[in-house]
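Okay, here's what each chain looks like letter by letter:
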Amino acid sequence: MELESHLVSDSRSESLVRACRTTVGDDLRSVTYFTPDQYEQLYLRSDLEADADLAGFVEHETDGFHARTAYKGSELGNYQYTVRAFDEGYMTRVTVADSGVFVTTDGLTLRRSEELASALAELLQSK
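**What to know about helix α4 (residues 110-125)**
At step 1: Between its terminal C-alpha atoms α4 stretches 22 Å, which fits the 22 Å expected from 16 residues at 1.5 Å a residue.
At step 2: Those residues of α4 lying buried are S113, L116, A117, L120, A121 and L124. Down the axis of α4, the buried set is contained in an arc of 130°. They therefore lie on one face. Facing away from the buried surface of α4 by more than 90 degrees, the exposed residues are R111 and E122.
At step 3: Packed against the buried residues of α4 are α1 (10-24), β2 (28-34), β4 (82-86), β5 (89-95) and β6 (100-105).

In structure tokens form, the structure reads like this:
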């Protein structure tokens, strides 16, 4: 997994971060854009250390590309997004065909996770 500094255009990056800030507000911790082979952290809240193992996170979150097909045709319907709960916050992952975003937050309600996932999916699909 390779870190890229300009995987995403500035305007696309700003749109993704703005959508997250609008939905999550001050609870937003970080925003990371990824493809099957590369990633770029688009936002990190100023009070956090940039010492997370992003490559490890991204490697695991690329499973989202497989989830889109693995759950296809299930009785639950199509896969939309994943929310993971941790001791210190939450992670929401959204993927489309060849790109994805995961967002970390301090707090997250079900309603906000749905709004966040919907906004990110729309932005990811509009290349």
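From this point on, the discussion continues.
**Some words on the pairing of β2**
Walk down a regular strand and you will see the side chains alternate between the two sheet faces.
At step 1: Along β2, 6 of the 7 residues are buried, which leaves the element largely enclosed by surrounding structure.
At step 2: The pairing of β2 with β6 spans 6 bridges and is classified as antiparallel. By the bridge assignment for β6, S30 is matched with T104.
At step 3: For β2 and strand β3 (residues 38-44), the ladder comprises 5 bridges, and the chain directions are antiparallel.

**Topic: α1**
At step 1: With 15 residues, α1 extends 21 Å from end C-alpha to end C-alpha; this agrees with the ideal 21 Å at 1.5 Å per step.
At step 2: Inspection of α1 places R12, S13, L16, V17, A19, C20, T23 and V24 among the buried residues, and these make up the whole buried set. For α1, the arc enclosing every buried residue in end-on projection is 155°, short of the 170-degree limit, so these residues lie on one face. Exposed residues pointing more than 90 degrees away from the buried face of α1 are listed as D10 and T22.
At step 3: Looking at the buried residues of α1, the elements they touch are β2, β3, β6 and α4.

Rules of the game
Residues numbered from 1 in each chain as written. Predicted model: local features only at pLDDT ≥ 70, side-chain atom pairs only at ≥ 80, totals over all residues. Heavy atoms only, no water. Helix = DSSP H or I, 4+ residues; strand = E, 2+ residues; numbered from the N terminus. Expected span 1.5 Å × (residues − 1). Buried < 20%, exposed > 50% of the residue type's maximum accessible area, 1.4 Å probe, protein only. Arc of directions from axis to C-beta. Contact = heavy atoms within 4.5 Å. Pairing = 2+ DSSP bridges.

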